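# Descriptive structure summary
Each chain is listed here by its residues.
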Amino acid sequence: MNKENLLDTLLARQNASKEGYLDREAIAAVAEEFAMPETRVFEIASYYAMLEIEPQAKYVLEICNSTPCYFSKSNEVAAWVEGELDVKPGDVTGDGLFSWHYTPCVGACDIGPVIKVRDTVYGDLTKETVHALIQDLRNAKNGKKFR
Amino acid sequence: MNKEPVLLKRIGKMRDPASVEEYTGLGGFAALRKAVQMDKEDILKEIDTANLRGRGGAAYPAGRKWRQLYGIEGTPKYIVCNADEGEPGTFKDKVLLEKDPLSVIEGMLVAACVFDSPEGFIYIRGEYHTVRQAFQKAVDSAAAAGFLGKDILGVKGFDFTITIVSGAGAYVCGENSALLNSIEGKTGRPRVKPPHLAEVGLNQKPTLVNNVETFACIPVILNIGGKAFLEMGAEDGGGTKLVSISGHLKNRGVFEVPLGTPFEDVLYAEEYGGGPFEGKPIKFLHLGGQSGPLAFPEQIGGAYSYKGLEDKKLAIGSGAIVAMDESVSVVEYSKKVMEFFVYESCGKCTPCRIGTTRILELLEDFVSGAAEKGDIEKLDAMLTQVMALSACGLGQTAGVAVRSALTHRRAEFEARISG
């Protein structure tokens, strides 16, 4: 495999994994596919922010806290999310469904404050829409895009 | 001043932005048809005349960059498009990639024609998954229509392909050498320069790296001519600039602004920023991303152009304008900026890895009220050291915003000192 496909391959494996992360087996398989040492692949998996080396919740709510979002009330969004889920950043809810943490800019500053869940960005959030988003995800529905 | 858009002119007018037919119907690929007929030296001359400056943030003259690569022997030469748009407050490349992707492809094709390059890459940040899908569609349709592949436009030997490479969440990969390392399957950390990428770039080969918007400007230059492009903008930088407006202005979004437009218009005119969002006066702006300076009302005036801003110790950078109203503390804002750099520092060099952390700790003291007499001087010295000693653009600019805050609003920091 060409090296330029490495990050794509890792992301695809992670997305296809049950717990949303690259375990030792996945790392080893990718290392073999790209004829690279496992340690190199692990280094890469641990370096890039979107690649995970620990099991993740089913839905990871990433709240942008770069300045355009943060000062457009993303700190309040974090408080609402923490209130709804009742877990600290990085911790997983008892049912394994949710966790949340801050993330740097996702390039959606025109609709800040935003939450990114997997590949979808939810913007112009209010307390109500945050509540509705979590409810939708909990009910295994795709969250509506609020903007 | 002519305000007709040239970069956003097709946006919203195509039902399918990936359609070669629709793109061609709206003037697309005319520049490439011209380019294959032109003398390469003449193409370079047009770009020189246009005074196109790099739109990613560094504002390096594109003509000069192209000439450097042109003068270098060695094959193959690679064409790389930097679409790792990660500067907070910047979301303008996304618009081009998603809504007029073929214009970026056409710009890369002109470069391929000039440099006889067989292969191009576009590195799209991992967070832009849907953008990337849209761009892939455009690459596929360009290939199906014969604009990528072999003997493009019937020109024997004009072969070029574009491969999309995904990032995976690393701001520093927007730095061109880190980006190339990332494409090569390495951790995306910057290289020590020189050698410059024009000589030793991707896979150790001569390489051109330009931003998305820079590539999109190339067909415009060939279509209207370098002189007309220059006249559309300002003498110190021709053309229009895509500006991303966010924060506390009424109209948040991407706007195409002719360089040289009055700065105040960009903020307050209805067609652009539209003035403050909640009626509270704007206290400061953050220009060009987190690595750019803060701009205070006394600096806002004159022209929104490279020189107009440089004269006031400001910079256009990526074209980001984050506006903050009176509710925001300059000290707290500075702290959030430094948090970003601490998070994004790649850790390769010590001044950036440790220095940004120490600066953040000090700024936290200012926010909590624990700062003491002498801490402003300490902060100032650390900013100087980190920026002077860091190896790459990330660390070298990590203190720009805080430094500008300290220069212009020292009193706000002084007010936070206890005792």
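Calculation criteria
Residues numbered from 1 in each chain as written. Chains lettered and ligands numbered in written order. Predicted model: local features only at pLDDT ≥ 70, side-chain atom pairs only at ≥ 80, totals over all residues. Heavy atoms only, no water. Helix = DSSP H or I, 4+ residues; strand = E, 2+ residues; numbered from the N terminus. Rg over C-alpha atoms; globule rule 2.2 N^0.38 Å. Buried < 20%, exposed > 50% of the residue type's maximum accessible area, 1.4 Å probe, protein only. Contact = heavy atoms within 4.5 Å. Areas by Shrake-Rupley, 256 points an atom, 1.4 Å probe, with all protein chains shown as cover. Lys, Arg positive; Asp, Glu negative; His and termini not counted. Charge placed at Lys NZ, Arg CZ, Asp CG, Glu CD. Buried area = accessible area lost by both parts, 1.4 Å probe. Salt bridge = Lys/Arg side-chain N within 4 Å of Asp/Glu carboxyl O. Polar contact = N/O pair within 3.5 Å; in protein donor to acceptor, adjacent residues only side chain to side chain. Nonpolar A, V, L, I, M, F, W, Y, C, P; charged D, E, K, R; others polar. Pairing = 2+ DSSP bridges. Axes fitted to C-alpha atoms, helices over the stretch in contact; angles between N-to-C directions. pLDDT = per-residue confidence, 0-100. Expected span 1.5 Å × (residues − 1). Arc of directions from axis to C-beta. 1 Å grid on protein atoms, 1.4 Å probe; cavity = no way out; pocket = protein on both sides within 12 Å on 5 of 7 lines; lining within 4 Å. Points joined across faces, edges and corners; volume = space filled by probe spheres on them. Domains from an automatic or database assignment. Phe/Tyr/Trp six-rings, centres within 6.5 Å; stacked < 30°, edge-to-face > 60°. Lys NZ or Arg CZ within 6 Å of the ring centre and 35° of its normal.

## Some remarks on the overall build of chain B
- Within chain B, the regular secondary structure consists of 18 helices and eleven strands.
- Against the globule reference of 22 Å for 419 residues, chain B gives a C-alpha radius of gyration of 22 Å, in line with a compact fold.
- Seen through its principal axes, chain B has C-alpha atoms that stretch 75 × 45 × 35 Å.
- Burial analysis of chain B (419 residues in total) assigns 59% to the buried set.
- The long-range share in chain B, meaning contacts at least 24 apart out of those at least 6 apart in sequence, stands at 70%.
- Carbon together with sulfur atoms contributes 51% to the accessible area of chain B, which is approximately 15400 Å² in total.
- Distance from the positive charge centre (48 side chains) to the negative charge centre (53 side chains) of chain B: 2 Å.

## Description of the interface of chain B and chain A
- With 53 residues of chain B at the interface, the matching set in chain A holds 34 residues.
- Where chain B abuts chain A, roughly 3200 Å² becomes buried across the two surfaces, and 56% of that area is made up of carbon and sulfur atoms.
- Joining chain B to chain A, the criterion identifies three salt bridges.
- Note that D8 of chain A and R132 of chain B form a salt bridge whose closest N and O atoms lie 2.7 Å from each other.
- Along the contact surface separating chain B from chain A lie 17 residue pairs in polar contact (both at pLDDT 80 or more).
- Mapped by element, the contributors of at least two residues to the side of chain B that touches chain A are β2 (119–124), α7 (129–144), β3 (161–166), α8 (176–183), β5 (240–247), β11 (320–325) and α13 (330–344) of chain B.
- In terms of residue count, the dominant contributor to the side of chain B that touches chain A is α13 of chain B (eight residues).
- Its residues assigned to classes, the side of chain B that touches chain A comprises 20 nonpolar, 19 polar and 14 charged.

## Quick look at the sheet that holds strand β1 (residues 59–64) of chain A
Residues and elements named next belong to chain A.
- Read across the sheet, four strands follow the order β2-β1-β3-β4 without closing on themselves; strand pairing throughout is mixed. Taken across any chain shown, the strands that pair with only one partner, and hence form the sheet edges, are β2 (98–103) and β4 (120–122). Here the average twist between neighbouring strands, direction ignored, is 25 degrees.
- Two strands pair when backbone bridges link them, and β1 and strand β3 (residues 115–117) are joined in this way by three bridges, in the antiparallel orientation. Paired with L61 across the strands is V117, a residue of β3.
- Together, β1, β2 and β3 form the strand contacts of helix α4 (residues 67–85), whose direction differs from that of β1 by roughly 150 degrees.

## Description of the sheet that holds strand β4 (residues 207–211) of chain B
All names here are of chain B.
- As summarised here, the arrangement of the four strands in space is β3-β2-β1-β4, forming an open sheet in which the pairing is parallel. Each end of this open sheet is capped by a strand with a single partner; those strands are β3 and β4. In this sheet, adjacent strand axes meet at a mean angle of 20 degrees when their direction is disregarded.
- With five bridges connecting them, strand β1 (residues 78–83) and β4 associate as parallel partners.

## Let's talk about the pattern of salt bridges
All names here are of chain B.
- Under the defined criterion, the tally for this structure stands at 35 salt bridges over all chains.
- Of the charged contacts in the structure, one is a salt bridge between E41 and R67, with a shortest N-O distance of 3.0 Å. With E41 in helix α3 (residues 40–50) and R67 in helix α4 (residues 62–70), this residue pair connects regions lying 26 residues apart in the sequence.
- The residue E184 makes a salt bridge to K186 at a minimum N-O spacing of 2.8 Å.
- Taking relative accessible area as the criterion, K186 reaches 40% and is therefore assigned partly exposed.

## Comments concerning the confidence of the model for chain B
- Of the residues in chain B, 99% reach a pLDDT of 70 or more, and the chain-wide mean stands at 97.
- Model confidence for the complex: the whole-complex pTM is 0.96, and ipTM, which rates the interface, is 0.94.

## Quick word on α7 of chain B
- The terminal C-alpha atoms of α7 of chain B, which comprises 16 residues, lie 23 Å apart, in line with the 22 Å expected from a rise of 1.5 Å per residue.
- If you check which residues of α7 of chain B are buried, you get V131, R132, F135, A138, V139 and A142 of chain B. Looking straight down α7 of chain B, one finds its buried side chains confined to an arc of 120 degrees; they lie on one side.
- As for α7 of chain B, its buried residues are in contact with α1 (6–16) of chain A together with α1 (20–25), α5 (92–99), α6 (101–115), β2 and β3 of chain B.
- Note on α7 of chain B: the residue one or two positions beyond its end, G146 of chain B, has a positive phi of about 85 degrees.

## Here's the deal with the layout of surface pockets
- The computed volume of the second largest pocket comes to approximately 930 Å³.
- Every residue lining the second largest pocket is counted, 45 residues in all, and those nearest its centre are Q14, N15, M50, E62 and R118 of chain A.
- Listing elements by their share of the lining of the second largest pocket, those giving two or more residues are α1, β1 and β2 of chain A together with α7, β3 and α13 of chain B.
- Broken down by element, the residue count for the lining of the second largest pocket peaks at five residues, all from α1 of chain A.
- Classifying every residue of the lining of the second largest pocket by side-chain character gives 18 nonpolar, 13 polar and 14 charged.
- Mapped onto the domain boundaries, the lining of the second largest pocket takes at least three residues apiece from domain 1 (3–47) and domain 2 (59–141) of chain A.

## A short note on the pairing of β5 of chain B
Residue and element names in this part refer to chain B.
- The buried fraction of β5 amounts to eight of the eight residues, a majority that puts the element mostly inside the structure.
- Direction of pairing for β5 relative to strand β6 (residues 253–258): antiparallel, over a ladder of six bridges. When the bridges of β6 are listed, I245 appears paired with G253.
- From the end of β5 to the start of β6, which pair antiparallel, there are five residues.
- Sheet analysis places β5 next to β11, joined by four bridges and oriented parallel. Each bridged residue has a counterpart across the sheet, and for S246 the counterpart in β11 is V322.

## Focus: the packing of aromatic side chains
- Here the structure, examined in full by the defined rule, presents 18 aromatic pairs over all chains.
- Plain terms: the ring middles of Y70 of chain A and F71 of chain A are 5.1 Å apart, the flat faces sit at 85 degrees to each other, and that makes the pair edge-to-face. F71 of chain A shares its class with Y70 of chain A; the two are buried.
- Each residue in the set Y70 and F71 of chain A together with F284, F296 and Y333 of chain B is aromatic and connected to the rest through ring pairs, giving one cluster.
- Directly above the ring of Y70 of chain A sits K336 of chain B, whose terminal nitrogen or CZ lies 3.8 Å from the centroid.
- Taking NZ or CZ as reference, K336 of chain B lies 6.0 Å from the ring centre of Y102 of chain A, over its face.

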